[in-house]
Amino acid sequence: TASAAYVKSLFDEYAESFDKALVADLNYRAPQLLHERVSEFVGNKPQPVFGVLFDAGCGTGLCGPLFRNMTRTLVGVDLSGEMIRKADERGVYDELVQGDLVESLDEYGDSEGKHKGTYIDMVLAADVFVYIGALEQIFRASAFSLKKGG
């Protein structure tokens, strides 16, 4: 498991060239593949399907444009401030948070946090778990922040 400080530093440095390196050079398609699966799941339901979609480890916001029309509120969270800055340039997120995923998820649901009483409909995680290691805390936080059936 990489430390949060290491991950933040790595992606702060990588933010400017991230999209080119992943999409153009490596043919990265995780956001598109996730969008295809979610689109199959929601079918022909009228848009937006979700009230709050939480993009965990949003990076430069590659998922944002694909999921924007599916949700009333699109929230992106990432440790890297530079990645958040790049995601903000896309102009599709309602809220962007530089911070820890578990702490950000803990702001929702029955918490006493900023979004007390608001439940998340879907937590999207395109390419973040590899940097987290043990997933128990993030799954717990997700479970408590998701609305019933989310």
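Structure shown above.
Here is a short report on the structure shown in this document. Predicted, not measured: the structure shown is a model, and the values here were computed from it. (Residues numbered from 1 in each chain as written. Predicted model: local features only at pLDDT ≥ 70, side-chain atom pairs only at ≥ 80, totals over all residues. Heavy atoms only, no water.)

### Concerning a nonpolar patch on the surface
Consideration 1: A surface patch of nonpolar side chains, about 380 Å² in accessible area, is lined by Tyr6, Leu10, Val130 and Tyr131.
Consideration 2: Mapped onto the elements of the fold, Val130 is located in the loop between strand E4 (122-124) and helix H6 (136-145). (Patch = residues over 30% accessible without salt bridge, like charges linked within 9 Å, V, L, I, M, F, W, Y side chains within 5 Å. Areas by Shrake-Rupley, 256 points an atom, 1.4 Å probe, with all protein chains shown as cover. Salt bridge = Lys/Arg side-chain N within 4 Å of Asp/Glu carboxyl O. Helix = DSSP H or I, 4+ residues; strand = E, 2+ residues; numbered from the N terminus.)

### Thoughts on unusual backbone geometry
Consideration 1: Cis geometry marks the peptide bond from Gln47 to Pro48; its omega dihedral reads -5°.
Consideration 2: If you trace the backbone, Pro48 turns up in the loop between helix H2 (30-42) and strand E1 (50-56).
Consideration 3: Unusually for a residue other than glycine, Asn27 sits at a positive phi of about 55°.
Consideration 4: As for its position among the elements, Asn27 is in the loop between helix H1 (4-25) and H2.
Consideration 5: Residue Asn27 is classed as exposed on the basis of its relative accessible area, which comes to 55%. (Buried < 20%, exposed > 50% of the residue type's maximum accessible area, 1.4 Å probe, protein only.)

### Section: helix H4 (residues 81-89)
Consideration 1: Along H4, the positions that sit buried rather than exposed are Gly81, Met83, Ile84, Lys86 and Ala87.
Consideration 2: Summarising the contacts, the buried residues of H4 are in contact with H1, strand E2 (71-78) and strand E3 (95-98).
Consideration 3: At the N-terminal boundary of H4, the capping side chain belongs to Ser80, with an oxygen 3.3 Å from the backbone nitrogen of Glu82. (Contact = heavy atoms within 4.5 Å. Polar contact = N/O pair within 3.5 Å; in protein donor to acceptor, adjacent residues only side chain to side chain.)

### What about the packing of aromatic side chains?
Consideration 1: What the rule picks out here adds up to four aromatic pairs.
Consideration 2: Between the aromatic rings of Phe11 and Tyr131, the centroid separation amounts to 5.1 Å while the plane-to-plane angle is 90°, which identifies the pairing as edge-to-face. Placement of the pair is Phe11 in helix H1 and Tyr131 in the loop between E4 and H6, with a sequence separation of 120 residues.
Consideration 3: The interplanar angle of 90° and the centroid separation of 6.2 Å between the aromatic rings of Phe54 and Tyr108 together place this pair among those described as edge-to-face. (Phe/Tyr/Trp six-rings, centres within 6.5 Å; stacked < 30°, edge-to-face > 60°.)

### Here we look at the pairing of E1
Consideration 1: Among the seven residues in E1, seven count as buried, and that is most of the element.
Consideration 2: Pairing of E1 with E2, which is carried by six bridges, proceeds in the parallel orientation. From the neighbouring strand, Phe50 faces E2, where its bridge partner is Thr71.
Consideration 3: Pairing of E1 with E4, which is carried by three bridges, proceeds in the parallel orientation. Pairing of Leu53 across the sheet is with Met122, part of E4. (Pairing = 2+ DSSP bridges.)

### Things to note about the pairing of E3
Consideration 1: Looking at chain direction, E2 and E3 are connected through four bridges and run parallel. Bridge pairing links Val75 to Glu95 in E3.
Consideration 2: On the question of chirality, the crossover connecting E2 to the parallel E3 by way of H4 is right-handed. (Right-handed = clockwise from strand over helix to strand, strands pointing away.)

### Notes on H2
Consideration 1: With 13 residues, H2 extends 18 Å between its outermost C-alpha atoms, agreeing within 8% with the 18 Å of an ideal straight helix rising 1.5 Å per residue.
Consideration 2: Residues of H2 that are buried include every one of Ala30, Pro31, Val38 and Val42, and no others. In a view along the axis of H2, the buried residues occupy a sector of 90°, so they form one face of it.
Consideration 3: At its buried positions, H2 is contacted by E1, helix H3 (64-67) and E4.
Consideration 4: After H2 finishes, the residue Gly43 shows a positive phi value of roughly 60°. (Expected span 1.5 Å × (residues − 1). Arc of directions from axis to C-beta.)

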